[in-house]
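Listed below, chain by chain, are the residues.
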Amino acid sequence: MIERIWSGRSRLYLLLLPLSFLYGALAALNRKSYQWGWRKRWRAPLPVVVVGNLTAGGNGKTPVVIWLVEQLQRRGFRVGVVSRGYGGHAERYPLLVNDQVTTRQAGDEPVLIFQRTGAPVAVAPRRRQAIEALLAQGELDIVVADDGLQHYALQRDVELVVVDGVRRFGNGWWLPAGPMRERAGRLRTVDAVIVNGGQARPGELAMRLTPGEAINLLSGERCAPARLHNVVAMAGIGHPPRFFATLRELGVPVQREVAFSDHQDYQVEQLDALTQGSSRPLIMTEKDAVKCRAFARPDWWYLPVDAAFSDEQGRDLLSRLTARIEYFRQQKARG
C-alpha cells in the first residue's frame with residue numbers, strides 16, 4: 001500500500017499531507033539552523049564524503065559506499081567509514097565494528113561494509129563521535145559517511161546523492177505522504193547525483209548494480225545463480241522488487257518471492273518456514289546474509305552486487321575525491 005501511495009498511484013497521500021507539511025517544516029528548520037549559524041557544525045580534521053539520498057527506501061547507496069572505499073584503497077588511501085547503524089542497538093556509542101560485532105549491535109549495513117572492504121567502520125548516532133573513534137585507532141586520509149545527508153551537524157566536503165533511476169522521487173511529497181526526506185531542489189547543492197538504473201539525465205552519473213556469482217553462506221561455494229533450482233527468494237531491503245527482478249534477469253527459477261521490511265531481524269524458524277522443510281535452496285541479498293550466517297542452513301545462498309560506473313565517469317568522480325585528499329594533506333603539511 002505504501003508503495004502505491006508514494007508512487008502516485010493512490011490518492012490516499014492526501015490524507016497524510018498535514019503530517020508531510022509538518023515534516024517538511026521541521027526538516028527545513030533543521031537545515032537552516034546550521035546554515036544561519038544558530039547551531040554549529042563540526043569540522044573533521046580530514047575530508048568527509050557523505051553518500052546519501054533524498055528518499056526513504058533502497059536506492060543502492062551502500063554499494064556506492066563499498067565501491068568508493070575499494071577504489072580509494074586501491075589508490076593507496078586509508079579510508080574510514082561512519083554510519084548511524086540503522087537497525088542496530090549497541091549498549092554504548094561509538095561502536096567500532098570488528099569480527100565479533102553483530103548486526104543486532106551495529107546494524108546490517110556497517111557490518112556488510114566492514115566484511116566487504118576491511119576498512120575501519122564506526123557506528124554512532126552522532127557522526128562526530130564515530131569519526132573521533134576512528135581517528136583514535138589510527139591515521140586516515142578520508143572518511144566516507146554511509147547515509148547522513150541530513151545529518152547537518154557534520155560538516156562535509158563532498159555530497160553524493162544516489163537516486164533510484166526507475167522510481168525517482170515518486171509523488172514528490174515529504175514523508176509520510178511521499179518518500180522524500182528533502183525536496184528534489186536539494187540536488188542543486190550537491191556535488192554529484194548518481195542514478196541507479198533507469199535513464200540518467202544530463203549532468204547525472206549513471207550507475208548500475210552488477211550481480212556476481214551466488215555464494216553459499218556456510219561453505220563459501222560459488223556458482224552461477226541460474227544453476228540453482230526451485231529457488232525461494234527473500235529480500236529484506238529498501239526495495240525488494242529490484243532484487244527479485246535481478247534474479248529473473250539472470251534466469252534463476254524462482255518458485256516463491258518473499259519480501260521483508262528493511263533491516264529485518266531474522267529468526268532461524270522464520271526462514272526455515274519459507275522452504276517448508278524441503279530441499280529447495282533459499283537465496284537472499286548480501287545485506288540479508290550478514291544477519292543469517294550464524295544460523296545458516298547448507299542450502300542458503302546470497303547474491304552479491306557491485307556498483308559499476310562507466311570508466312570515464314568513475315575516473316572523474318575519483319579524481320575529484322583524490323584532489324580533495326591531496327588538498328587536505330597540503331594544508332596539514334603547512335601547519
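Residues numbered from 1 in each chain as written. Predicted model: local features only at pLDDT ≥ 70, side-chain atom pairs only at ≥ 80, totals over all residues. Heavy atoms only, no water.

Draft legend 1. Geometry of the overall build of the protein. Along its length, the protein carries 10 helices and 15 strands. Seen through its C-alpha atoms, the protein measures out along the principal axes to roughly 65 × 50 × 45 Å. For the protein, the residues scored as buried account for 51% of the 335 residues in total. Partitioning the contacts of the protein with sequence separation of at least 6, the portion at a separation of at least 24 is 73%. About 16000 Å² of surface is accessible on the protein, with carbon and sulfur atoms providing 51% of the total. Here the protein contributes 45 positively and 33 negatively charged side chains, and the mean placements of these two sets differ by 7 Å. (Helix = DSSP H or I, 4+ residues; strand = E, 2+ residues; numbered from the N terminus. Buried < 20%, exposed > 50% of the residue type's maximum accessible area, 1.4 Å probe, protein only. Contact = heavy atoms within 4.5 Å. Areas by Shrake-Rupley, 256 points an atom, 1.4 Å probe, with all protein chains shown as cover. Lys, Arg positive; Asp, Glu negative; His and termini not counted. Charge placed at Lys NZ, Arg CZ, Asp CG, Glu CD.)

Draft legend 2. Representation of the domain arrangement of the protein in the model. According to the domain assignment, the protein consists of domain 1 (1-208 + 309-334) and domain 2 (213-303). Taking only C-alpha atoms into account, the centre of domain 1 sits 27 Å from that of domain 2. Summing both partners gives a buried area of about 1200 Å² for domain 1 against domain 2, and 47% of it is carried by carbon and sulfur. Contact with domain 2 buries surface across domain 1, with Arg104, Asp108 and Leu112 losing the most and accounting together for 38% of the total. Among the ionic pairs, Asp265 bridges to Arg104, the shortest N-O distance being 3.2 Å. At the surface where domain 1 touches domain 2, the tally comes to eight residue pairs in polar contact (both at pLDDT 80 or more). It is helix H5 (residues 108-117) that contributes the most residues to the side of domain 1 that touches domain 2, six residues altogether. Considered class by class, the residues forming the side of domain 1 that touches domain 2 number three nonpolar, eight polar and seven charged. (Domains from an automatic or database assignment. Buried area = accessible area lost by both parts, 1.4 Å probe. Salt bridge = Lys/Arg side-chain N within 4 Å of Asp/Glu carboxyl O. Polar contact = N/O pair within 3.5 Å; in protein donor to acceptor, adjacent residues only side chain to side chain. Nonpolar A, V, L, I, M, F, W, Y, C, P; charged D, E, K, R; others polar.)

Draft legend 3. Structural detail: the pairing of strand S13 (residues 282-285). Note that strand S11 (residues 231-235) and S13 share two bridges and pair parallel. By the bridge assignment, Ala233 is partnered in S13 with Ile283. As paired elements, S13 and strand S14 (residues 300-303) share four bridges and run parallel to each other. Residue pairing in the sheet places Thr285 in a bridge with Leu303 of S14. For the crossover that starts at S13, traverses helix H9 (residues 286-292) and ends in the parallel S14, the hand is right-handed. (Pairing = 2+ DSSP bridges. Right-handed = clockwise from strand over helix to strand, strands pointing away.)

Draft legend 4. Here's a closer look at the state of the cysteines. In total, this model carries zero disulfides according to the counting rule given. Summary of cysteine pairing: Cys223 is not part of a disulfide, and the nearest cysteine sulfur, belonging to Cys292, is at 18 Å. For Cys223, a relative accessible area of 5% corresponds to the buried category. Residue Cys292 is classed as buried on the basis of its relative accessible area, which comes to 0%. (Disulfide = S-S within 2.5 Å.)

Draft legend 5. Fine view of unusual backbone geometry. Residue Pro94 is reached from Tyr93 by a cis peptide bond, and omega for that bond is 0 degrees. Within the secondary structure, Pro94 sits in the loop between strand S2 (79-83) and strand S3 (95-96). Along the chain, Leu175 connects to Pro176 via a cis peptide bond; the corresponding omega equals 0 degrees. Notably, Asp147 is not glycine yet its phi reads approximately 75 degrees, a positive angle.

Draft legend 6. Region of the structure containing the nonpolar core. Judged by nonpolar contacts, the single largest core of 40 residues is most densely connected at Val49, Val51, Leu68, Leu72, Val97, Leu160 and Ile194. Ranked by the residues each element gives to this core, the list is headed by helix H3 (residues 61-74), at seven residues. Among the nonpolar cores identified, the runner-up in size contains 25 residues, and Leu54, Ala122, Ala130 and Leu140 belong to it. (Core = buried A, V, L, I, M, F, W, Y, C linked by side-chain atoms within 4.5 Å.)

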